[in-house]
Amino acid sequence: MTVKLNWLITGPGAISGLLAAGLLRQQQQVAWLSRHTQEETSVNWTLTENGKATRFVTPLYPDAPPPDAVILAVKSYDLAAALERLDELQIATDCPIIISHNGMLSVHSERPLFPLITTHAASRENHTISHNGYGESWLAAQAINQPQPLAGAIGEILQQSFPPLHLVHDIEHRRWHKLLINCVINPLTAIYRVANGELAAARFSDIKQQLIEEFVQVAAACGYSFDAHQASQAVAKVITATAANRSSMLVDVEHQRTTEIDAMNGFIVEQARQHQIDVPTHRAVTEAVTALR
């Protein structure tokens with residue numbers, strides 16, 4: 001029999017909506033974490049998968065029991081504020097915090113942080129979440145900032161709610177692998193205003209390969225080994241699996257919102273500078289996306 005836990009999740013957002021729906025289907029208790037104090041006590045939202053829409057009504061915290069686990073599925077630049085929000089709400093400091101964001105950034109927190117990496121594709125329009133592409137996910141079995149293992153019940157419930165999900169002890173290489181995908185798909189879809197699947201066209205072959213080869217160089221300098229051919233295959237696989245999806249960076253550009261380019265290609269540019277590696281393609285797409293803001 002599945003243990004019933006109380007989950008607090010930022011949202012409703014694209015990935016957080018997929019996670020919340022999966023947890024609710026496993027009879028878990030879910031509450032939304034908002035950025036600010038809300039007059040409402042609940043949110044009506046919809047998840048669309050395979051043409052079928054499912055409606056949910058989910059309470060807003062603090063109109064829910066204290067959480068056993070928190071999921072912060074946010075933009076990279078919003079993570080620090082989300083952690084501060086937990087302090088404001090006096091969430092227990094030993095409560096496990098599962099973080100899911102694009103790109104790389106340094107996070108300083110006394111709370112135990114467990115990165116979640118996913119290749120599922122989703123989008124949000126107001127309170128409607130669309131599941132646009134199926135993938136798989138990886139969750140750290142141990143906190144990245146302190147020697148605390150993830151409670152077995154939390155991992156098991158997430159594996160049942162969001163399959164396929166793998167618990168891993170070496171999450172860093174998987175984070176770099178996801179960064180590889182992000183650094184190709186996100187900037188190119190944003191610059192050329194195309195859905196993911198259109199990047200399979202021959203006209204994008206050269207720039208994709210240049211981004212991948214520069215990435216492989218920088219990753220190696222940082223201690224993470226990637227084979228360029230296998231990296232190209234991995235990118236192609238995700239492009240195909242999420243063909244109908246419009247990347248989060250493309251959507252941000254269209255809505256004139258801040259993008260996560262600094263935590264993606266900008267991160268590669270900075271690491272390249274520190275290791276004295278020339279990455280002209282990553283630098284060019286970083287500048288191009290920045291100019292679109």
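Asks: Kindly report on the overall build of the chain, identifying the contributing residues and their values.
Replies: A count of helical and extended segments in the chain gives nine helices and 11 strands. Taking 2.2 N^0.38 as the reference for a compact globule, 293 residues should give roughly 19 Å; the C-alpha atoms of the chain span a radius of gyration of 19 Å, in line with that estimate. If one aligns the C-alpha atoms of the chain with their principal axes, the spans along those axes are about 50 × 45 × 35 Å. Relative to all contacts within the chain whose residues are 6 or more apart in sequence, the contacts with residues 24 or more apart total 67%. Of the side-chain charges in the chain, 21 are positive and 28 negative, and the distance between the mean point of each set is 6 Å.

Asks: Break down the packing of aromatic side chains for me, citing the residues and quoting the values.
Replies: Taken as a whole and assessed by the stated rule, the structure comprises seven aromatic pairs. Taken together, a centroid distance of 4.6 Å and an interplanar angle of 20° make the contact between Trp 45 and Phe 56 stacked. Taken together, the positions of Trp 45 in strand 3 (residues 42-49) and Phe 56 in strand 4 (residues 52-59) put the pair 11 residues apart, joining distant regions of the chain. With respect to class, Trp 45 is no different from Phe 56; both count as buried. Seen from their ring centres, Tyr 192 and Phe 204 are 5.1 Å apart, and the 75° between their planes marks the pair as edge-to-face. One end of the pair, Tyr 192, is in helix 4 (residues 171-192); the other, Phe 204, is in the loop between helix 4 and helix 5 (205-221), with 12 residues separating them in the sequence. Ring-pair connections join several aromatic residues into one group, and the members of that group are Trp 176, Phe 215, Tyr 224, Phe 226 and Phe 267. Over the face of the ring belonging to Trp 138 we find Arg 174, whose NZ or CZ atom lies 3.8 Å from the ring centre.

Asks: Which residues make up the side chain of Thr 189, and what values do they have?
Replies: Among the structural elements, Thr 189 can be located in helix 4. Judged by relative accessible area, which is 0%, Thr 189 ranks as buried. Of the polar contacts made by the side chain of Thr 189, one reaches the side chain of Ser 247; its length is 2.6 Å.

Asks: Describe the sheet that holds strand 8 (residues 121-125), and please don't skip the residues or the numbers.
Replies: Overall, mixed pairing links the four strands, which are arranged 4-3-9-8 in an open sheet. Of all the strands in the sheet, the pair left with one neighbour each is strand 4 and strand 8. Across the sheet, the axes of successive neighbouring strands diverge by a mean angle of 25°, strand direction being ignored. Looking at chain direction, strand 3 and strand 4 are connected through eight bridges and run antiparallel. For Glu 49, the partnering residue across the bridge sits in strand 4 and is Lys 52. Along the sheet, helix 1 (residues 14-25) makes contact with strand 3, strand 4, strand 8 and strand 9 (128-133), crossing strand 3 at roughly 95°.

Asks: Before we move on, could you go through the pattern of salt bridges and cite the residues and values that matter?
Replies: Under the counting rule described, the total for this entry stands at 10 salt bridges. Note that Arg 175 is salt-bridged to Glu 172, the shortest N-O span being 2.9 Å. Of the two residues, Arg 175 and Glu 172 are both situated in helix 4; the distance of three residues between them amounts to about one turn of the helix. Here Glu 270 ties to Arg 273 by a salt bridge, and the two come within 2.6 Å at their closest N and O atoms. With Glu 270 and Arg 273 both in helix 8 (residues 265-274) and three residues apart, the pair spans about one turn of that helix. A relative accessible area of 56% means that Arg 273 is categorised as exposed.

Asks: I'd like a description of helix 4, backed by residues and values.
Replies: Counting along an α-helix, one turn takes 3.6 residues, and residues three or four places apart therefore face a common direction. Over its 22 residues, helix 4 extends 32 Å from the first C-alpha to the last, a length consistent with the 32 Å expected when each residue adds 1.5 Å. Most pronounced at Asn 182, the bend in helix 4 amounts to some 25°. With 16 of its 22 residues buried, helix 4 lies for the most part within the structure. Downstream of helix 4 by one or two residues, Arg 193 has phi in the positive range, about 55°.

Asks: Give a description of the packing of helix 4 against helix 5 that names residues and reports values.
Replies: Packing of helix 4 against helix 5 brings their axes to within 10 Å, and their N-to-C directions diverge by 145°. Considering how the two elements wind past one another, helix 4 and helix 5 form a crossing that is right-handed. For the pair helix 4 and helix 5, contact is made by Trp 176, Leu 179, Leu 180, Cys 183, Val 184, Leu 188 and Tyr 192 and by Ile 207, Lys 208, Leu 211, Ile 212, Phe 215 and Ala 219, respectively. Here the contact of helix 4 with helix 5 is built from residues that sort into 12 nonpolar, no polar and one charged.

Cut-offs and rules
Residues numbered from 1 in each chain as written. Predicted model: local features only at pLDDT ≥ 70, side-chain atom pairs only at ≥ 80, totals over all residues. Heavy atoms only, no water. Helix = DSSP H or I, 4+ residues; strand = E, 2+ residues; numbered from the N terminus. Rg over C-alpha atoms; globule rule 2.2 N^0.38 Å. Contact = heavy atoms within 4.5 Å. Lys, Arg positive; Asp, Glu negative; His and termini not counted. Charge placed at Lys NZ, Arg CZ, Asp CG, Glu CD. Phe/Tyr/Trp six-rings, centres within 6.5 Å; stacked < 30°, edge-to-face > 60°. Buried < 20%, exposed > 50% of the residue type's maximum accessible area, 1.4 Å probe, protein only. Lys NZ or Arg CZ within 6 Å of the ring centre and 35° of its normal. Polar contact = N/O pair within 3.5 Å; in protein donor to acceptor, adjacent residues only side chain to side chain. Pairing = 2+ DSSP bridges. Axes fitted to C-alpha atoms, helices over the stretch in contact; angles between N-to-C directions. Salt bridge = Lys/Arg side-chain N within 4 Å of Asp/Glu carboxyl O. Expected span 1.5 Å × (residues − 1). Bend = angle between axes of the 7 residues up to and from the residue. Left-handed = near helix turned anticlockwise from the far one by under 90°. Nonpolar A, V, L, I, M, F, W, Y, C, P; charged D, E, K, R; others polar.

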